[in-house]
Amino acid sequence: MPDLAELRDRIAWLAAGHPRPRQVGGMKVFSTTRPTFPLGSVAEPTVSLVAQGAKRSVLGGRAFDYAAGQFLVITVDLPLTSHVRAASEASPFLGCSLRLDPSTIAELLLESPLPAPEAPEGPAISVSDATGDLIDAFVRLLKLAKSPDDARVLAPAVKREIHWRLLTGPQGGLVRQVGLADSRVAFVARAIAWIKDHYDEVIRIEDLAAAVGLSVSSLNRHFRAATAMTPVQYQKQIRLQRARIRLLANPADVAGAGHAVGYASASQFTREYRRLFGAPPGQDAARLRAAAGPQEPHDLRHLP
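Residues numbered from 1 in each chain as written. Predicted model: local features only at pLDDT ≥ 70, side-chain atom pairs only at ≥ 80, totals over all residues. Heavy atoms only, no water.

Attention now moves to the packing of aromatic side chains. Applying the stated rule across the entire model yields 5 aromatic pairs. Aromatic pair Phe30 and Phe93: ring centres 6.3 Å apart, planes at 50°, arrangement tilted. Linking Phe30 in strand β2 (residues 27–32) with Phe93 in strand β9 (residues 93–99), this pair joins segments that are 63 residues apart in sequence. Take Phe30: its relative accessible area is 9%, and that puts it in the buried class. Taking 5.3 Å as the distance between ring centres and 50° as the angle between the ring planes, the aromatic pair formed by Tyr263 and Phe269 counts as tilted. Counting every residue linked through ring pairs, the aromatic cluster contains Tyr263, Phe269, Tyr273 and Phe277. Over the face of the ring belonging to Phe277 we find Arg244, whose NZ or CZ atom lies 4.0 Å from the ring centre. (Phe/Tyr/Trp six-rings, centres within 6.5 Å; stacked < 30°, edge-to-face > 60°. Helix = DSSP H or I, 4+ residues; strand = E, 2+ residues; numbered from the N terminus. Buried < 20%, exposed > 50% of the residue type's maximum accessible area, 1.4 Å probe, protein only. Lys NZ or Arg CZ within 6 Å of the ring centre and 35° of its normal.)

This part is about the nonpolar core. Taken as a class, soluble globular proteins show a tendency for nonpolar side chains to be buried jointly. Counting residues in each nonpolar core, the largest one holds 45 residues, and the members touching the most others are Ile125, Leu219, Phe223 and Phe269. Going through the elements one at a time, β6 (62–67), β7 (70–74), β8 (78–86), α6 (184–197), α7 (205–212), α8 (216–227), α9 (231–249) and α11 (266–277) are the ones with two or more residues in this core. Among the elements that take part in this core, α6 stands out by supplying 6 residues, more than any other. With residues near it in sequence (within four places) discarded, Leu219 still touches Ala191, Ile205, Leu208, Ala209, Val212 and Leu214. Of all hydrophobic cores here, the second largest spans 37 residues; its members include Leu14, Met27, Ala51 and Ala155. (Core = buried A, V, L, I, M, F, W, Y, C linked by side-chain atoms within 4.5 Å. Contact = heavy atoms within 4.5 Å.)

On to the sheet that holds strand β1 (residues 22–24), then. Pairing within the open sheet is antiparallel, and its 6 strands lie in the order β1-β2-β9-β4-β7-β10. Both edges of this open sheet fall to β1 and β10 (125–129), since each of them pairs with a single strand only. If you compare each strand with its neighbour and ignore which way they point, the axes differ by 25° on average. Two elements, strand β4 (residues 46–52) and β7, share 4 bridges in a ladder whose sense is antiparallel. Bridged to Val47 within β7 is Val73. Docked against the sheet, helix α4 (residues 148–167) engages β4, β7 and β9, running at close to 95° with respect to β9. (Pairing = 2+ DSSP bridges. Axes fitted to C-alpha atoms, helices over the stretch in contact; angles between N-to-C directions.)

Taken by themselves, the reported measurements are silent on function.
Next comes the structure, spelled out in structure tokens:
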């Protein structure tokens, strides 16, 4: 696929010399010559396209694998554990991503006569093969990085085209939910924002349901469908991932990391941390630092 070859070249050029994902014109580009260690983060609504190599993202025990010529789309903030699976000196991993814009999607839905497909029942994440038109749009957006003047004028139109390609592609039913104020995804996104603001507090589901304007039963049904977990399980993931970032900088302060994210019991924190990450807090932080190599502690959160 000629466009995919050009996409590889563009990402390799832009990511050269940058060990972390690099922001370029509202996009991120990333390259690595070795597989990376699985690391949790809260992924924003995004489309991520792989030009070379392979990556895995895990949500609630379900793995989503995507490789060269495929894209991952996420439509609400999701706590994912992701890592690069295939990369080498001879064939480095090369990928790029663009955050989804709800206002752009809403505008396109208003302007176009697109039929309204039934909202998908699965989680707010999926993998598909990229069409040549979608890859071509990404290539053109990356080309604009060479000319800031051109980018200021032309990049908004190319980003809009990428959203259009997604809406008219195999994941259109999922992507359109981002632009609909009364969609399942919109309600879940509001619930997630509320949880993130109160992640270190005791959450009452009744309070959360009232905050987003749903009944408790509807909230639980929509939330589980979109995120593959309950609101309380989501909160726990947020707590533990933020504690993990704290521990990367200070592996010795296990009790402090747990307390900072809302755990009153150090033993409960250690137990739940081990269950999620497969090792007790101090040991997990040490192995992550070893896997990351000579990076500064604050850089570790940027590992894919």
